[in-house]
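Below, each chain spelled out in residue letters.
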Amino acid sequence: MKEDKKSANVLGIDYGENNIGVALGNNGIVTPIKEIPAKDFNSALHEINKLIIENRAELIVMGLPLTADNKETKKSLVVRRFANTLRAITKRPVVFQNEFGTSKEALREAISLDIPKKKRSSNDSLAAALILKNYFDELEWNEKRQKNKGKERPRAADKSHEY
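Model, not experiment: these values are computed from the prediction.

(A) Structural view of the packing of aromatic side chains. What the rule picks out here adds up to 3 aromatic pairs. Geometrically, the ring pair formed by Phe41 and Phe82 is edge-to-face, given 5.6 Å between the ring centres and 80 degrees between the ring planes. A residue pair is termed long-range when its members are at least 10 positions apart, and Phe41 in helix α1 (residues 41–54) and Phe82 in helix α2 (residues 74–90) qualify at 41 residues. The exposure class of Phe41 is partly exposed, given its relative accessible area of 35%. Three or more aromatic residues joined by ring pairs form one cluster here, namely Tyr15, Phe41 and Phe82. The cationic tip of Arg80 hangs over the ring face of Phe96; the distance from NZ or CZ to the ring centre is 4.8 Å.

Okay, here's the thing in structure tokens:
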């Protein structure tokens, strides 16, 4: 994979029992791509692999449904199993991004974009885009933190002790 994770094509996935939302990202810019029916497991895996090849994705970021305090859920264990299968088939690394709150955020985004109510019920690709955006934001934040590590900001002189 490229040295700079932000410049690589990255596929974002919001796994659900009915639909799998897919988004593509590069350099922190994300685009919802499509929703794949999840009922036929093998067909869904084939479709995701096809998207990875077509878009030359080097990394998969998968939303992980943890609780607000980052604890595992029954659904997160299902997602981890799906991710392991996806990793084996695609030969691409899979990283997890906490997806807590992204479905509600996707709904708010859909409303703000004036997406009709009938189409709002299926906003999984928008949720995948938000998961991917959160991943890029966290990556950027960690990079900034690493650059500033060990560099204390200069403090203003403390004049309270001057006589």
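(B) Highlighting the sheet that holds strand β1 (residues 10–15). What the 5 strands build is an open sheet, ordered β3-β2-β1-β4-β5; its pairing is mixed. Each edge of the open sheet carries a strand with a single partner, namely β3 (29–37) and β5 (94–98). Pairs of neighbouring strands in the sheet enclose a mean axial angle of 25 degrees, with direction left out of account. The pairing of β1 with strand β4 (residues 59–64) spans 4 bridges and is parallel. By the bridge assignment, Ile13 is partnered in β4 with Met62. Contacts from α1 reach β1, β2 (19–26), β3 and β4 within the one sheet, and its direction differs from that of β3 by about 155 degrees. Relative to β4, α2 is tilted by about 170 degrees, and along the sheet it contacts β1, β2, β4 and β5.

(C) How the structure looks around the nonpolar core. Ranked by internal contacts, the top residues of the largest apolar core, which has 23 residues, are Leu11, Ile13, Ile20, Ile48, Met62, Phe82 and Leu86. Elements supplying a minimum of two residues to this core: β1, β2, α1, β4 and α2. With 5 residues, the single largest contributor to this core is α1.

(D) Inspection of the pairing of β3 at higher detail. In this structure, β2 lies alongside β3, joined through 8 bridges in antiparallel fashion. Bridge pairing in β3 places Asn19 opposite Pro37. Where β2 hands over to β3, the hairpin turn is made up of 2 residues, of which Asn27 adopts a positive phi near 55 degrees.

(E) Just α2, in detail. Counted at 1.5 Å a residue, the expected span for α2 with its 17 residues is 24 Å, and the 25 Å between its end C-alpha atoms agrees. Within two residues after α2, Lys91 carries a phi angle of roughly 60 degrees, on the positive side.

(F) Here's a closer look at α1. Helix length check: α1 (14 residues) gives 20 Å between terminal C-alpha atoms against 20 Å at 1.5 Å per residue, within 8%. The set of residues buried in α1 consists of Ala44, Leu45, Glu47, Ile48, Asn49, Leu51 and Ile52. On the buried face of α1, the contacting elements are β1, β2, β3, β4 and α2. One or two positions beyond α1, positive phi appears at Arg56, with a value near 50 degrees.

How each quantity is defined
Residues numbered from 1 in each chain as written. Predicted model: local features only at pLDDT ≥ 70, side-chain atom pairs only at ≥ 80, totals over all residues. Heavy atoms only, no water. Phe/Tyr/Trp six-rings, centres within 6.5 Å; stacked < 30°, edge-to-face > 60°. Helix = DSSP H or I, 4+ residues; strand = E, 2+ residues; numbered from the N terminus. Buried < 20%, exposed > 50% of the residue type's maximum accessible area, 1.4 Å probe, protein only. Lys NZ or Arg CZ within 6 Å of the ring centre and 35° of its normal. Pairing = 2+ DSSP bridges. Axes fitted to C-alpha atoms, helices over the stretch in contact; angles between N-to-C directions. Contact = heavy atoms within 4.5 Å. Core = buried A, V, L, I, M, F, W, Y, C linked by side-chain atoms within 4.5 Å. Expected span 1.5 Å × (residues − 1).

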